[in-house]
Amino acid sequence: MTTLSWGTDALASVPDGFLTTESTFEVFDPSTEQPIAAVADCGPTEALAALDAAAAAAPTWAASTLRERADVLHRLFDALHANSERLAQLLTLEVGKTIREARGEVAYAADYVRWYAEEAVRPHGRSTVSPDGRNHIVTVAEPVGPCLLITPWNVPLAMAARKVAPAVAAGCTAVLKPAELTPLTSLVFGELLLEAGAPPGVLTVVTTRRPAEVSSALLADPRLRKVSFTGSTEVGRLLLEQAGRRVLRTSMELGGNAPFLVFDDADLDLAIREAMIAKLRLGGQSCVAANRFLVADGIADAFVAGLGAQLAALVVGPPGDEGTDLGPSVDHRAVAKVNRLVNDAVGKGAVVVARAPIPDGPGHWVAPTLLDQVPADADILHEEVFGPVAAIRRFSSEDEAVALSNDTEHGLAAYLITRDSERSRRVASRLQSGMVGINRGLVSDVAAPFGGVKQSGIGREGGPEGLQEYLQFKYLSSPGF
Ligand code: NAD
């Protein structure tokens, strides 16, 4: 196994808040395909023990002061920064993202923790009177109760932070179930939260390679009051069905199929620069990655030439090397999916304009590729690519661009590049999307509500809206003044 400067030792020490089992499963480095650590393979018994802890801690944590919760989160923010390089190395090992991306993820995760440390102390109740003056209305914000938080493999630390921080700020306790491919940074995150002063039971991290068994046991237990899930739309639908049986609060951050619109009045250099960001963040393995490049006829040839040159020049290689632009995909299934989508598009008439070289095996490598003239029926326009492949479709009018953008069951992020501010407002208002990047390929911001419409999800993470997901309101009625 690769020796970690930190990580496996921390994991082996199993402090309070972590579960041990006789059976374990291995976590692999996607760039070498070698195991890097083994973690507990929890089943329903351990999951329910974690819920026992969350339920036992819930009354005390709900009664904690807003300042106490904020102080814990401020200390966690400091700890994440103090450990940022070691966390970044661990992310690079388990996800395969480049060390530069990994440092960015640690900073992004810490930012959510700081945002909710600051948000925790802001009051959320209100006091008013009814219109006829007969009723005095007081609303009190209360934590929803024990939560199940399920995170994906692509941004494991930031997704854990984006759920745990508002839950803790709201006074909720939680069970965190990270993805089986990438559980390591979540374990460390849980340990740092305990060290920051969260009482045992406020967060328990449950690692498993049997996610359906674990989540089914928890969702059937009447003590659980909420599930917050980030992952694929397919699994989100299954969880919504189960949550519906017990009328649980749900937050769903699901898949996307983001359009990236380039109008013919766009600044070409800016369009190419932002397209690279929107496509290649996390190696294309992002829910908000640009999936379909919709480009106006008048600018398409120049845009394709410029984007192709940049994609072809990318350095794909060991993610820990400072000079690497792109690491491996997370596993062989991710590689097979991207290759299937490329082959399907080419089989139906798409043209490969550019392709960057990739290392020989081992490692789950995918070549950054630019496809032009992608036909309407190509699967790549209808499925999340989750890889460094850009597909170009051309349009001739604004109406056509909007219609193509909205021709999907998803509605998470969309991007548009234009110099015309009137057009940007007009088109943004017509896009069926939870987030719109205007002249930028990056929308994530701790102060903004991140989330989708249509089958991309329910609820928002980040900003003041993110805290509301973990609060419920009680209304007290008394005679008016
Ligand atoms: P996934 O749906 O396969 O897995 C996500 C999580 O669900 C993992 O923890 C996994 O163990 C668990 N899981 C899998 N099957 C389950 C089941 N039957 N019951 C309960 N839990 C189950 O998704 P993934 O491959 O880990 O992540 C990629 C997906 O996540 C993409 O679709 C991406 O768009 C989406 N995503 C969305 C956002 C967002 O904010 N909207 C952010 C990141 C990723």
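Residues numbered from 1 in each chain as written. Predicted model: local features only at pLDDT ≥ 70, side-chain atom pairs only at ≥ 80, totals over all residues. Heavy atoms only, no water.

### A few points about the overall build of the protein chain
Going by this rule: Only DSSP runs of H or I covering at least 4 residues are called helices, and only runs of E covering at least 2 are called strands; the numbering of each starts at the N terminus. In this treatment the radius of gyration is a C-alpha quantity, and the globule benchmark scales as 2.2 Å times the residue count to the 0.38 power. Residue burial is assigned from relative accessible area. The probe radius is 1.4 Å, only protein chains are included, and a residue is buried under 20% of its type maximum, exposed over 50%, and partly exposed in between. Whether two residues are in contact is decided by their heavy atoms: any pair within 4.5 Å suffices. In these tables, accessible area is a Shrake-Rupley quantity obtained with a 1.4 Å probe, and a residue counts as shielded only by the protein chains included in the view.
Helix and strand counts for the protein chain stand at 15 helices and 18 strands. Taking 23 Å as the expected radius of gyration for a compact globule of 481 residues, we find that the protein chain reaches 23 Å, a close match to that expectation. When the backbone C-alpha atoms are referred to their principal axes, the protein chain occupies close to 65 × 65 × 40 Å. The buried share among the 481 residues of the protein chain stands at 59%. Restricting to contacts in the protein chain with at least 6 residues of sequence separation, those with at least 24 account for 73%. For the protein chain, the exposed area adds up to about 18,400 Å²; of that, 53% sits on carbon and sulfur atoms.

### Some details on the environment of Ser-130
Counted only if it meets this: Whenever two N or O atoms come within 3.5 Å, that pair is a polar contact, provided that in protein one can donate a hydrogen and the other can accept it, and provided that, for residues adjacent in sequence, both atoms are side-chain atoms.
As for its position among the elements, Ser-130 is in the loop between strand S3 (126-129) and strand S4 (135-143). Residue Ser-130 is classed as buried on the basis of its relative accessible area, which comes to 12%. Residues within four places of Ser-130 in sequence aside, it is in contact with Asn-135 and Ile-137. A distance of 3.4 Å separates the side chain of Ser-130 from the backbone nitrogen of Arg-134, its partner in a polar contact.

### A short note on the confidence of the model for the protein chain
The following threshold applies: Confidence of the predictor in every single residue is expressed as pLDDT, which spans 0 to 100.
Averaged over every residue, the pLDDT of the protein chain is 95; residues scoring 70 or more account for 96%. Every residue in residues 1-15 scores below 50 in pLDDT, and together they form 29 contacts with partners more than four places removed in sequence or on other chains.

### Brief notes about the site of the ligand
This is how it is decided: Any residue with a non-hydrogen atom lying within 4 Å of a molecule or strand is treated as near it. In this classification, Asp, Glu, Lys and Arg are treated as charged, Ala, Val, Leu, Ile, Met, Phe, Trp, Tyr, Cys and Pro as nonpolar, and every other residue, Gly included, as polar.
Around the ligand, 29 residues are found, and the nearest of them are Thr-151, Glu-180, Ser-232, Leu-254 and Glu-384. Within the contact set of the ligand, an oxygen atom lies 2.5 Å away from a side-chain nitrogen or oxygen of Glu-180. Within the side chain of Glu-384, an N or O atom sits 2.5 Å from an oxygen atom of the ligand. Those elements that provide at least two residues to the shell around the ligand are helix H8 (211-219), strand S8 (226-230) and helix H9 (233-245). Along the lines of polarity and charge, the residues of the shell around the ligand split into 16 nonpolar, 8 polar and 5 charged.

### Some thoughts on the pattern of salt bridges
Spelled out, the test is: By definition here, a salt bridge exists when the distance from a side-chain nitrogen of Lys or Arg to a carboxyl oxygen of Asp or Glu is within 4 Å.
Tallied over the full model, the rule gives 29 salt bridges. With a closest N to O distance of 2.9 Å, Glu-85 and Arg-103 form a salt bridge. Residue Glu-85 is found in helix H4 (residues 84-95), and its partner Arg-103 is found in helix H5 (residues 99-120); the two are separated by 18 residues along the sequence. What makes Glu-85 partly exposed here is its relative accessible area of 32%. The class for Arg-103 is partly exposed, based on a relative accessible area of 30%. Across the pair Arg-237 and Glu-409 runs a salt bridge whose closest N-O atoms are separated by 3.5 Å. Here Arg-237 is found in helix H9, whereas its partner Glu-409 is found in the loop between helix H13 (398-406) and strand S15 (413-417), with 172 residues between them in sequence.

### Thoughts on the sheet that holds S15
Put simply, the test is: One bridge is not enough; two strands pair if DSSP finds at least two bridges between them. Orientation is described by lines fitted to C-alpha atoms, with helices fitted over the stretch in contact, and by angles between N-to-C directions that extend from 0 to 180 degrees.
Reading across the sheet, the 7 strands line up as S12-S13-S14-S11-S10-S15-S16 and stay open at both edges, with mixed pairing between neighbours. The open sheet is flanked by strand S12 (351-355) and strand S16 (435-438), the only strands paired with a single partner. On average, adjacent strands in this sheet sit at an angle of 20° to one another, irrespective of strand direction. In this structure, strand S11 (residues 290-296) lies alongside strand S14 (residues 389-395), joined through 4 bridges in parallel fashion. Paired with Ala-296 across the strands is Phe-395, a residue of S14.

### Points about the packing of aromatic side chains
Let me state the cut-off plainly: A pair of aromatic rings is counted whenever rings of Phe, Tyr or Trp (Trp by its six-membered ring) have centres within 6.5 Å, and the orientation is called stacked for planes under 30 degrees apart, edge-to-face for over 60 and tilted otherwise. In this scheme, Lys NZ or Arg CZ marks a charge over a ring once it lies within 6 Å of the ring centre and within 35 degrees of the ring normal.
Overall, the coordinates contain 6 aromatic pairs when judged by the stated rule. A centroid spacing of 5.0 Å and a plane angle of 45° characterise the contact between Phe-260 and Phe-293, whose relative ring orientation is tilted. Of this pair, Phe-260 sits in strand S10 (residues 258-262) while Phe-293 sits in strand S11, and the two are 33 residues apart along the sequence. On the basis of relative accessibility, which here comes to 0%, the residue Phe-260 falls in the buried class. Measuring from ring centre to ring centre gives 6.2 Å for Phe-293 and Phe-303, while their planes differ by 40°; the resulting arrangement is tilted. Taken as a pair, Phe-293 in strand S11 and Phe-303 in helix H11 (residues 297-312) lie far apart in primary sequence, 10 residues in all. Residues Phe-293 and Phe-303 agree in their burial class; the two are buried. Taken together, the ring pairs connect Phe-260, Phe-293, Phe-303 and Tyr-415 into an aromatic cluster. In this structure, Lys-226 packs its charged tip against the face of Tyr-470, placed 5.0 Å from the ring centre.

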